[in-house]
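Here's the letter readout for the chains.
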Protein chains: 4
Amino acid sequence: MAFATSNSGGDANNHGGETNLTVPNVKLQSLTHLTDYMPGLKTQPNPLDNSPFFHPISEFYISSSDVIMSNVIHDLSGEFSSPRPHLAYHRAGPRKTIYFDPGQVRAAIVTCGGLCPGMNTVIRELVVGLWEQYGVREIYGIRAGYRGFYSFEPLKLTPKMVHNWHKKGGTVLETSRGGFDLQQIVDSIQHHAFNQLYIIGGDGTMRGMVKICEEIKKRKLNIAVAGLPKTVDNDVGIIDRSFGFQTAVEMAQQAISAAHTEAESAVNGVGLVKLMGRSTGHIVLHATLSSRDVDCCLIPEIDFYLEGKGGLFEFVESRLKNIGHVVLVVAEGAGQDVIPKTGDQSHVQEKDESGNPVFLDVGGWLKTELKNWWKREHPEELITIKYIDPTYMIRAVPANATDNLYCTLIAHSTIHGAMAGYTGFVCGPINGNYGYIPVDEVAQAKNRVDVKNHKWAWVRSVTNQPDFVRCSDSTGK
Amino acid sequence: MAFATSNSGGDANNHGGETNLTVPNVKLQSLTHLTDYMPGLKTQPNPLDNSPFFHPISEFYISSSDVIMSNVIHDLSGEFSSPRPHLAYHRAGPRKTIYFDPGQVRAAIVTCGGLCPGMNTVIRELVVGLWEQYGVREIYGIRAGYRGFYSFEPLKLTPKMVHNWHKKGGTVLETSRGGFDLQQIVDSIQHHAFNQLYIIGGDGTMRGMVKICEEIKKRKLNIAVAGLPKTVDNDVGIIDRSFGFQTAVEMAQQAISAAHTEAESAVNGVGLVKLMGRSTGHIVLHATLSSRDVDCCLIPEIDFYLEGKGGLFEFVESRLKNIGHVVLVVAEGAGQDVIPKTGDQSHVQEKDESGNPVFLDVGGWLKTELKNWWKREHPEELITIKYIDPTYMIRAVPANATDNLYCTLIAHSTIHGAMAGYTGFVCGPINGNYGYIPVDEVAQAKNRVDVKNHKWAWVRSVTNQPDFVRCSDSTGK
Amino acid sequence: MAFATSNSGGDANNHGGETNLTVPNVKLQSLTHLTDYMPGLKTQPNPLDNSPFFHPISEFYISSSDVIMSNVIHDLSGEFSSPRPHLAYHRAGPRKTIYFDPGQVRAAIVTCGGLCPGMNTVIRELVVGLWEQYGVREIYGIRAGYRGFYSFEPLKLTPKMVHNWHKKGGTVLETSRGGFDLQQIVDSIQHHAFNQLYIIGGDGTMRGMVKICEEIKKRKLNIAVAGLPKTVDNDVGIIDRSFGFQTAVEMAQQAISAAHTEAESAVNGVGLVKLMGRSTGHIVLHATLSSRDVDCCLIPEIDFYLEGKGGLFEFVESRLKNIGHVVLVVAEGAGQDVIPKTGDQSHVQEKDESGNPVFLDVGGWLKTELKNWWKREHPEELITIKYIDPTYMIRAVPANATDNLYCTLIAHSTIHGAMAGYTGFVCGPINGNYGYIPVDEVAQAKNRVDVKNHKWAWVRSVTNQPDFVRCSDSTGK
Amino acid sequence: MAFATSNSGGDANNHGGETNLTVPNVKLQSLTHLTDYMPGLKTQPNPLDNSPFFHPISEFYISSSDVIMSNVIHDLSGEFSSPRPHLAYHRAGPRKTIYFDPGQVRAAIVTCGGLCPGMNTVIRELVVGLWEQYGVREIYGIRAGYRGFYSFEPLKLTPKMVHNWHKKGGTVLETSRGGFDLQQIVDSIQHHAFNQLYIIGGDGTMRGMVKICEEIKKRKLNIAVAGLPKTVDNDVGIIDRSFGFQTAVEMAQQAISAAHTEAESAVNGVGLVKLMGRSTGHIVLHATLSSRDVDCCLIPEIDFYLEGKGGLFEFVESRLKNIGHVVLVVAEGAGQDVIPKTGDQSHVQEKDESGNPVFLDVGGWLKTELKNWWKREHPEELITIKYIDPTYMIRAVPANATDNLYCTLIAHSTIHGAMAGYTGFVCGPINGNYGYIPVDEVAQAKNRVDVKNHKWAWVRSVTNQPDFVRCSDSTGK
């Protein structure tokens, strides 16, 4: 054998040819397989073998030695020959060996957390893919997020029902935050005899999924659990981007354009837009680079301050003086450290039902502060500040073509993984190719804007905005 | 002569055939003409006489006896034969006799108040129409509303400059509220030797225009002043509708659709949209009837109450119980009487710079009240309320095709009126035809939703919403 | 009694107070009423009497003496006092007296001819209006146009089924041309015991409806037949405009904009767009005035010629020389007289299944002719001609908000007329108000572009296009 | 030194530290550098060193040893350890060492070939990037493609001029096909003293660029030539995708949706859409997978036949029988081998001015053939075929947000390469990262749909369409 196995030890071959392999210097992120804790599990005949669409068979199946390299960028002057192993992920796609008899599959699909363009497309494609490609007939939707497992009856889904769902925003299955009661959930899964779970949600949901997988393993249940990462913020690590993100950036252009028009149509006009982004500024960054109408953007990854040299207001003042108007775009999670908590707000519930911190309204705060500062500094001069919060108009729309295709591919890829007996994995694009990632890895990784790379430098050069970090640093902050 | 003159007395023929006439039972709303106070004003050769496009001449000119009837609906059983006169307006369009030498015209265009789709189209068409049709070469834009007359230098406008303005939202000339200083404005008009003013604005602006006309008359200046009513709320009386309104209703669908999606995607989901409408509910009414996704709409023309039998919350509760979600749309001017003014708010500045009352945020108030009420009444049940205020995203867009055509026709119609020597008039569609209306009449008329006609009954039958008025009446409120 | 009855003779009062009346000089277009040939027909209790939404009753009902004047524009100098009567139409709306017991109503809805935005909205609102307002429960859709009466089983419709139809283009009921077999249709109507017919179609369809009404009258059947004029071309007379027209104009902007971009992006770029308009140029006219990107438009109402002085090619050449590009928009029915029929084409079937003439492709012909002419005249110079035919992309979209509201109002208005016992009528807006019009009047009236009025002059002045008529006249053609 | 150099031999270090390096088993695609044939060329101070936006410097510069791996997918069971080298490309981005003094740069930008969304964004960003980031002040647009070099005066470009170009479709610089006269072009470049060329075009344009580079090298001119691949078909090899492609797929949904609506609204309704794709079916493939309304798609990569078992018409017939309607989407380059050339067409000019073959109209042909076949086979039954060719409406629109960002990044990346002294290179995304590729490699590589991979299998499973290849093979065709 040409290369040593790793991670899963010497008995890597124990589940029907699904082996986690590495070449020297390649570390393959191993996936949990149902046979890991259910050694007697039998392989099943694969309907794809006879599908006219996956013919000739041999060319379509992905093997367990097909991998995607995590890193495609290298510095040949050193790192490449270093002893540090190159990370790789299992490639997604249909496996020759499957561990489910489609006639026995009872699949459950659940959507959790906030809305995101494409959720209905993912649901539709899971249903259509399971039904058309593998012949699964028992597919259920869980209503309203995790709590739906134990609060509502599952809804039987068919291709006919979901036929046009990809043209709708939101999620027909409904969603909610919180409601994660591990025992009740797994009890309900057993009660309904589900043996495939498809969980669509964000990082909180994925952390819940980790616990579900552990409990299922503990109970030694033959249930494959697959995650489809959903975050309009695009803050999930490892994967290239999450579904709905491109649509959200597209829609954000409308709000920015309106803010720009309002600003241009006034004397000393300020357009202020708050966009989504709890811990990351991806939407703000992409929307700014796409639109070119933004003068300054504020994201959670950078600190900023309002008054004084190099501060935001000095920048605004300078733009108004020179150009007559200014457009600011701020991520909802930006500036949380600098917004003063008043007496009243200090008693505010600090977490929402998903356990996410409840944000102070950075947009409203900026508007008020700017207005008051201007009145003090320029009592004789007009200022017109128009504040737009387009959040729900951005996230409640149907996915655009780019995202619809993404949702289709991710759903089908995920099905193949579950049918192959993988569990506790998440599917997503890695360097342009769909791969399977251990869910605990995804639940922890965070995709933040790298404020030291070119994109951010370009944003700054495009907007000419102050480098708050540097200025504040130099003042000894 | 077949019928008696009226209104303007026996010397109605003194300005070149422009006579305000009435037939028996027809009362023609007379317009002010420059010759009314400048009797010696000379007629001028009309460039349209030689225009290849207005040929043969005789068929295109509108005469002063061409009128539009104000009322097209009659009850033949009585009213028609009554002695009450039928109101009529001068029809808009090119006049054979004009009182301006195009080579001597110095036209000024100003936009006042809030943004409205189509403002740039109106400006563009005024410029193109004056230039192309009459050969006027001195056309100026006044920046930033009324204050621009005395605060900024006028901007020379040419067809080339304005070529693509109709594809932009907002107003390239900029706008502002307030700044109405009568003497400074008229002084500036004289200083710049403007002799045609085109004023684009809402009812506040029109009241200012009335004063400008009086002052100009007092000073006996040869200046034609024409108004183009701009109100996204569609609250101007007499005219069929104002420009930008159709676009606003179209855009409002996006917000309603998003609210509907958010509501449908949650357990006990409530979508709440605040739309424009300071004193009228036209946008809410039209958006509701077009969209069909709205369960209840609240407009300034009706009172409503929250709690108790027949109240809003009872309705919401019933919808959530039966359908699982509810969509509410509220006009910004609704409910101002029932929103409690807290200690802090009582000191709030009560008028904005246009003199309009500053509204309490009915949307935010409803959201909070509903949330609190639900917690009290249903402490165990989830509720999800998503509140959308799409105001700027609705009003800052370019006009749609319907409104663009409207803007084109109104601008050209207005030019013809000014060239013909009319002043103190406003142009707008009356029963589908463009007419000239005395500005003081427009400044006072208010177009409110008639809550006793069919459209409102239809809204109620569509939404099945409570008749707050009746219920509260019956409880002796 | 204050005025003489007309039209329907001395026994006009025989159907429950529905009288066709005239005042002196007012000619009211009388409608056929079921009691005209079924004298014993009984009135029925009106559910609206008890509707909470039409309360208080007295103010909502429309009486038979409520009329809309056909003409709102008058020349006070003569016509108004002339002995020629003023035409009036019955106003649409709920009647106090109805002739159908909702529990006995069996309504059928059929869509005929080509697609038009809003068809599904009309169907939806007919279903919802009959069901919600009057309590009708037997509502059927006829599939695929007139032939559907005898070729397919009717489809039972409920509010739940049609709930989202207004968001879809096309017609869920399907449509077709032709298939008009009078006896089979009326036999089928009797067979299914339908007593209310709602027919959605164009002028051909309306001519069929006239025959159906005659046959029903002949057979003395108690069946109310109502028409809802559908023509994306807006070529129906009497009414202000037809539904779907505003949406079509909006969508046409996309095609014009693309043609403009193609033309501007090339050396000697020509953008050529063919729009709908069999016998009228309304879409072309409105799209041109809204877009302002069009240099010349060709409509069926005017003749044109290609070569020679004052011809189209001279105009194109001049524009290319001066501006570098040119955009032409042509209605499909334009130029049919000047397109040469080649040997092959002469044997082409001259009528489609609706009996409409099959048009020669004026767009393709223009493209070829222009290209060949240019090659002859300017062999050294490039020309780039891009031809766009967006027909199906314009007509297959959902209605915009403006048209959706129109469809809602027209559907409800039509229901009220049928319930009131009127038959053989069509509903549409007349001077901004909905009225009932005898179907034979509508079937004959044609709304053509008046090339002698201002709008057309404006188009010409906007585009500066040649007056082909005049030029060709002067050359003695 | 840790690894051997390759490709450029032992003197790789001769241009200021820019060395093409390889590690063992890595083959780095070497780029031509101006110093390759101008050994004395001096490095210049880099304005980015002092840019506040690229600070701290050290982290932003890309070195010549930074590479992108061409292949991220590996089969660990064999290939990875094979002796075949892994292909790598230089990573794009700002270089510390530059070879142009910005004050001496005279840059020329030219757009060639057909329109594609994003061309104006690329131009805008080249201008803004050169101006803002490096301080270049002499930037010129070449009108109308290659012929513009010698036929028109260059147009001076400034950031102010191009400010809003990214919101416009097409190319403000104009474009054309053909006109490639090598000597005249290079003479003109010398005449105008351009020393940076930015060429935006497709594969034909890139082949022209190869010749220009050779000629420039032959004349030993200090001119950096950079290409930005533009192809709405997405048929350029090596790079992930080309700009404008996502926008085109988005717009194609409109046409497919219209075709679907037309098909659903008729008895035996057939919607037929022709999309762009001369030699590749990418747009068809992506539009189909995104829309899900397509029943069968035909692309250049697969053969198909109409009649007989397993043929297209059998498929259409079966769909009409079972579902009642069918939607077909065909790429313009599909079926060119099976369309019969009639006597007339055989004399048709076989190449357009770019040297591309002129396609037979596969859409029109399919429509006619299907209609005739149906008449023969089903003389009694209706069929309705609606054919849509949305080409210009797809390609003449502004880029969407996704493509606008792409255009921004590619333009800036390209500038950095040119400033660094690279020439004869093309910039594009490789596995999600921007890299520089030798132009001759790009000019030859073709990105075709791999009909043996999963995406195509998915299309077939989605549409259930026949496998024409297999069937025809089995019949011994």
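Source: prediction; values computed, not measured. (Residues numbered from 1 in each chain as written. Chains lettered and ligands numbered in written order. Predicted model: local features only at pLDDT ≥ 70, side-chain atom pairs only at ≥ 80, totals over all residues.)

(A) The arrangement of the pairing of strand β13 (residues 325-331) of chain A in detail. All names here are of chain A. Buried residues dominate β13, accounting for 7 of its 7 residues. The two faces of β13 match: His325, Val327, Val329 and Ala331 on one face and Val326, Leu328 and Val330 on the other face are all buried. Direction of pairing for strand β11 (residues 269-275) relative to β13: parallel, over a ladder of 7 bridges. Looking at β13, one finds that Val270 is bridged to Val326. Pairing of strand β12 (residues 296-298) with β13 involves 3 bridges; the strand directions are parallel. In the strand pairing of β13, Leu298 is matched with Val330. At this point the chain moves from β12, through helix α10 (residues 312-322), to the parallel β13, and the crossover so formed is right-handed. (Buried ≥ 20, exposed ≤ 12 C-beta atoms within 10 Å, placed from the backbone. Helix = DSSP H or I, 4+ residues; strand = E, 2+ residues; numbered from the N terminus. Pairing = 2+ DSSP bridges. Right-handed = clockwise from strand over helix to strand, strands pointing away.)

(B) View of the relation of the copies chain A and chain B. When chain A is brought onto chain B, the operation consists of a screw motion whose angular component is 180° and whose axial shift is 0.0 Å, with 0.0 Å RMSD remaining. Considering both components of the superposition, the chain copies are consistent with a two-fold axis. In this assembly the copies share their binding face: 100% of the residues contributing to the interface of chain A also contribute to that of chain B. (Least-squares fit on C-alpha atoms with pLDDT ≥ 70 in both. Contact = placed C-beta atoms within 7 Å.)

(C) Molecular detail of unusual backbone geometry. The backbone phi angle of Lys220(C) is positive, close to 55°, even though this residue is not glycine. In this structure, Lys220(C) sits in the loop between α7 (203-218) and β10 (224-229). Exposure remark for Lys220(C): the 9 C-beta atoms within 10 Å place this residue in the exposed category. Even without being glycine, Asn234(D) reaches a positive phi, approximately 60°. Mapped onto the secondary structure, Asn234(D) falls in the loop between β10 (224-229) and α8 (245-264).

(D) Inspection of the interface of chain A and chain B at higher detail. With 26 residues of chain A at the interface, the matching set in chain B holds 26 residues. If you list the elements that add at least two residues to the side of chain A that touches chain B, you get α8 (245-264), β14 (384-388) and α12 (391-395) of chain A. Its residues placed into classes, the side of chain A that touches chain B shows 14 nonpolar, 8 polar and 4 charged. (Nonpolar A, V, L, I, M, F, W, Y, C, P; charged D, E, K, R; others polar.)

(E) Structural context of the packing of helix α13 (residues 401-419) of chain A against helix α9 (residues 282-291) of chain D. One way to put it is that α13(A) packs onto α9(D) with a least axis distance of 8 Å and a crossing angle of 75°. With respect to α9(D), the axis of α13(A) lies roughly perpendicular. Between α13(A) and α9(D), the contacting residues are Ala401(A), Asn404(A), Leu405(A) and Thr408(A) on the first element and His286(D), Ala287(D), Leu289(D) and Ser290(D) on the second. (Axes fitted to C-alpha atoms, helices over the stretch in contact; angles between N-to-C directions. Parallel < 35°, antiparallel > 145°, perpendicular 65-115°, else oblique.)

(F) How the structure looks around the relation of the copies chain D and chain A. Once turned by 180° and shifted 0.0 Å along the axis, chain D lies on chain A with an RMSD of 0.0 Å. Interface overlap between copies is the fraction of interface residues in one copy that are interface residues in the other; for chain D against chain A it reaches 100%, indicating a shared surface.

(G) Structural context of the packing of helix α3 (residues 119-134) of chain B against helix α13 (residues 401-419) of chain B. All names here are of chain B. Orientation of α3 relative to α13, taken along the N-to-C sense of each, is 45°, at an axis distance of 8 Å. As the angle between them shows, α3 and α13 are arranged oblique. In the crossing of α3 with α13, the sense of the turn from one axis to the other is right-handed. Across the interface between the two elements, Thr121, Val122, Glu125, Leu126, Gly129, Leu130 and Tyr134 of α3 pack against Asn404, Cys407, Thr408, Ile410, Ala411, His412, Ile415 and Met419 of α13. Here the contact of α3 with α13 is composed, by residue class, of 9 nonpolar, 5 polar and 1 charged. (Left-handed = near helix turned anticlockwise from the far one by under 90°.)

(H) Up close: the interface of chain D and chain A. Taken together, the contact pairs 57 residues of chain D with 57 residues of chain A. Tallying contributions element by element places helix α13 (residues 401-419) of chain D first for the side of chain D that touches chain A, with 6 residues. Here the side of chain D that touches chain A is built from residues that sort into 24 nonpolar, 22 polar and 11 charged. Of the pairings in the sheet, the one linking strand β3 (residues 66-69) of chain A to strand β4 (residues 73-75) of chain D comprises 3 bridges and is antiparallel in character. Note that in β4(D) the partner of Val67(A) across the bridge is His74(D).

(I) Region of interest: the domain arrangement of chain A. All names here are of chain A. Split into domains, chain A comes out as domain 1 (102-241 + 399-423 + 440-444) and domain 2 (245-340 + 351-396 + 451-474). Relative to domain 2, the C-alpha centre of domain 1 lies at a distance of 35 Å. At the junction of the two partners, domain 1 supplies 19 residues and domain 2 supplies 19 residues. In the side of domain 1 that touches domain 2, the residues fall into 5 nonpolar, 9 polar and 5 charged. (Domains from an automatic or database assignment.)

(J) Here's a closer look at the UniProt feature "binding site: substrate" (unreviewed entry) in chain A. All names here are of chain A. UniProt tags Thr231, Val232, Asp233, Met276, Gly277, Arg278, Glu332, Tyr392, Met393, Ile394 and Arg395 as "binding site: substrate" (unreviewed entry). Here Thr231 falls in the buried class, since 27 other C-beta atoms lie within 10 Å of it. With sequence-adjacent residues up to four places away left out, Thr231 is seen in contact with Cys116, Gly202, Val236 and Ser242. Looking at the secondary structure, you find Val232 in the loop between β10 (224-229) and α8. Not counting residues within four places of it along the chain, the set of residues in contact with Val232 comprises Cys116, Gly244, Phe245, Ala248, Met276 and Arg395. (UniProt positions renumbered as here; feature names shortened; annotations may be inferred.)

(K) Representation of the environment of Leu182(A) in the model. Residues and elements named next belong to chain A. Position of Leu182 among the secondary structure elements: in helix α6 (residues 182-191). Sequence separation between Leu182 and Ile302 is 120 residues, and the spatial gap between their C-alpha atoms is 37 Å. Setting aside residues up to four positions removed in sequence, Leu182 forms contacts with Lys211, Ile212 and Glu215.

(L) Local environment of the sheet that holds strand β12 (residues 296-298) of chain B. Residues and elements named next belong to chain B. An order of β12-β13-β11-β14 is seen for the 4 strands of this open sheet, with the pairing classed as parallel. The sheet is open, and its two borders are formed by β12 and β14 (384-388), each paired with just one other strand. Here the strands of the sheet are splayed against their neighbours by 15° on average, with no regard to which way each runs. Along the sheet, helix α8 (residues 245-264) contacts β11 (269-275), β13 (325-331) and β14; its crossing angle with β11, the most-contacted strand, is approximately 165°. Against the sheet, helix α10 (residues 312-322) engages β11, β12 and β13, with an angle of about 150° to β13.

(M) Broad picture of the environment of Gly333(A). Residue and element names in this part refer to chain A. Inspection of the secondary structure puts Gly333 in the loop between β13 and α11 (362-377). Sequence separation of Gly333 and Met276 is 57 residues, and the distance between their C-alpha atoms is 7.9 Å. Gly333 has contacts with Gly277, Arg278, Ser279, Pro300 and Phe359, leaving out every residue within four places of it along the chain.

(N) Local environment of α9(D). The buried fraction of α9(D) amounts to 10 of the 10 residues, a majority that puts the element mostly inside the structure. Against the buried residues of α9(D) lie α13 of chain A together with α8, β11 (269-275), β12 (296-298), β13 (325-331) and α15 (454-463) of chain D. Note on α9(D): the residue one or two positions beyond its end, Arg292(D), has a positive phi of about 65°.

(O) Seen up close, the sheet that holds β12(D). All names here are of chain D. With parallel pairing, 4 strands are arranged side by side in an open sheet as β12-β13-β11-β14. What marks the edges here is a single partner per strand, and that holds for β12 and β14 (384-388). Adjacent strand axes in the sheet meet at a mean angle of 15° when their direction is disregarded. Pairing of β11 with β14, which is carried by 5 bridges, proceeds in the parallel orientation. Note on β14: the bridge partner recorded for Val273 is Ile388.

(P) Structural detail: the environment of Leu370(A). Mapping Leu370(A) onto the fold places it in helix α11. The spacing of Leu370(A) and Leu31(A) is 339 residues in sequence and 52 Å in space, taken between C-alpha atoms.

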